[in-house]
Amino acid sequence: MAGVVVCHGSAVVRERLVVTSIGVPALGPVRAASSVDELLSLARRMPPTVVLLDAHLAAPGAIEAIRRLRAVAPAAAIVLLALPDDTVALDRALALGARGFLAPDVGRAELSAVAAHVLASPVLPAPAGQRTPPVDVPSQGGFRGDARTPSEGVPVVPASAPDANVAPAAAPTTGAIPGVPLTKREIEVLTGMSHGRSNAQIGAELYLSEDTVKTHARRLFRKLGANDRAQAVAIGLRRGLIR
């Protein structure tokens, strides 16, 4: 068993998580994958200790990735990169043995704490003062596989917010402009960022000058309350603005 594999479909989010994970000594070495096939290939070469898995990974998807990963690296601790309202995905993932979830824009301090618990305990701890109920496996949607109900101790890990009753999307970064939607062009620029494209590449794709792309970027950063590309993409994914 060795290190962590960050598997996320967005290049920007993936790179940010890799950088964050590198700063957590307990998780080293850090490897990255953008698809189920890449994840399984890495796991076959060197089974990971921890896998940070995108809940919205492209087909065959995160649930199938967990099933296949269990056959390749059964001892790997899988933590879903998802949001609290992704209930069906989370329930299915937990039923297959995932350890919990983190927001895609998880910080280093929170990731360090979660890593320590994942590596030292059989289940992730519930937030202080919270009792986590058993997870009911949904019967709809053709779910198949290991249908055992996770034990009462299996919690989900909330996004980095002190109040567990507040959804992350409801607490934007300081400086955000609440209630102001992104324009179609700003969403196109944000989508380009999520694919790891430079301002020049986004401009060429949208027939815009690089300076115009930078202007759209500054505006969407302000509307989202983001400090950089990675945070903007994470917020965009969280709010369903991009996929």
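Residues numbered from 1 in each chain as written. Predicted model: local features only at pLDDT ≥ 70, side-chain atom pairs only at ≥ 80, totals over all residues. Heavy atoms only, no water.

Focus on the overall build of the chain
When helices and strands are tallied, the chain shows 9 helices and 5 strands. The order of helices and strands in the chain, counted from the N terminus, is β-α-β-α-β-α-β-α-β-α-α-α-α-α. Expressed as a percentage of the 243 residues in the chain, the buried residues total 46%. The long-range share in the chain, meaning contacts at least 24 apart out of those at least 6 apart in sequence, stands at 67%. Surface summary for the chain: the accessible area is close to 11600 Å², and the carbon and sulfur share equals 55%. (Helix = DSSP H or I, 4+ residues; strand = E, 2+ residues; numbered from the N terminus. Buried < 20%, exposed > 50% of the residue type's maximum accessible area, 1.4 Å probe, protein only. Contact = heavy atoms within 4.5 Å. Areas by Shrake-Rupley, 256 points an atom, 1.4 Å probe, with all protein chains shown as cover.)

Thoughts on the pairing of strand β3 (residues 50–54)
The buried fraction of β3 is high, at 5 of 5 residues. By the alternation rule, side chains of β3 split into V50, L52 and D54 and V51 and L53, which are all buried. Pairing of strand β1 (residues 4–7) with β3 involves 4 bridges; the strand directions are parallel. Note that in β3 the partner of C7 across the bridge is L53. This β-α-β element, β3 to helix α3 (residues 61–72) to strand β4 (residues 77–81), shows right-handed connectivity. (Pairing = 2+ DSSP bridges. Right-handed = clockwise from strand over helix to strand, strands pointing away.)

Overview of α3
In a regular helix each residue adds 1.5 Å, so 12 residues correspond to 16 Å; α3 covers 17 Å between its end C-alpha atoms and thus fits that length. Those residues of α3 lying buried are G61, A62, I63, A65, I66 and L69. (Expected span 1.5 Å × (residues − 1).)

Description of the environment of V79
Mapped onto the fold, V79 is located in strand β4. Between the C-alpha atom of V79 and that of R99, which follows or precedes it by 20 residues, the distance is 5.5 Å.

Overview of the nonpolar core
If you look at the biggest cluster of nonpolar residues, it comprises 37 residues, and the most contacted ones within it are L52, L190, M193, L220, L224 and V233. Counting residues in hydrophobic clusters, the runner-up holds 27 residues, among them C7, V36, I66 and A73. (Core = buried A, V, L, I, M, F, W, Y, C linked by side-chain atoms within 4.5 Å.)

Things to note about the layout of surface pockets
Within this model, the second largest pocket holds a volume of roughly 350 Å³. Contributing to the lining of the second largest pocket are 21 residues, with D54, H56, L237, I242 and R243 lying nearest its centre. Sorting elements by how many residues they give to the lining of the second largest pocket places helix α9 (residues 229–239) first, with 3 residues. For the lining of the second largest pocket, the per-class residue count stands at 8 nonpolar, 7 polar and 6 charged. (1 Å grid on protein atoms, 1.4 Å probe; cavity = no way out; pocket = protein on both sides within 12 Å on 5 of 7 lines; lining within 4 Å. Points joined across faces, edges and corners; volume = space filled by probe spheres on them. Nonpolar A, V, L, I, M, F, W, Y, C, P; charged D, E, K, R; others polar.)

Section: the environment of P104
If you trace the backbone, P104 turns up in the loop between β5 (100–102) and α5 (108–120). The exposure class of P104 is buried, given its relative accessible area of 9%. Distance in space between the C-alpha atoms of P104 and L80 is 9.0 Å, their sequence separation being 24 residues.

Here's the deal with empty space enclosed by the protein
Over the atoms, a rolling probe the size of a water molecule traces out where space has been left empty. All told, the structure shown has 1 cavity of 30 Å³ or more when counted by the stated rule. Taken together, L27, V50, L52, V79, L102, L111, V114, A115 and V118 form the lining of the largest cavity. Of all the secondary-structure elements, those providing two or more residues to the lining of the largest cavity are β3 and α5. A total of 4 residues in the lining of the largest cavity trace back to one element, the largest contributor, which is α5.

With respect to the pattern of salt bridges
Applying the stated criterion to the full structure yields 5 salt bridges. The salt bridge partner of R68 is E64, with a shortest N-O separation of 3.1 Å. On the criterion of helical spacing, the pair formed by R68 and E64 is a turn pair, its members being 4 residues apart in helix α3. A single network of salt bridges, built from pairs that share partners, joins E64, R67 and R68. (Salt bridge = Lys/Arg side-chain N within 4 Å of Asp/Glu carboxyl O.)

Looking at helix α8 (residues 210–224)
Between its terminal C-alpha atoms α8 stretches 21 Å, which fits the 21 Å expected from 15 residues at 1.5 Å a residue. Within α8, burial applies to V213, H216, A217, L220, F221, K223 and L224. Down the axis of α8, the sector holding all buried residues measures 160 degrees, keeping them to one side. Exposed residues on α8 whose side chains face more than 90 degrees from its buried face are D211, R218 and R222. (Arc of directions from axis to C-beta.)

Regarding the pairing of β1
Alternating positions in β1 separate into two faces, V4 and V6 on one and V5 and C7 on the other, with burial throughout. Here β1 runs beside strand β2 (residues 30–33); their pairing, made up of 4 bridges, is parallel. Note that in β2 the partner of V4 across the bridge is V30. Taken together, β1, helix α1 (residues 11–22) and β2 form a β-α-β motif whose crossover is right-handed.

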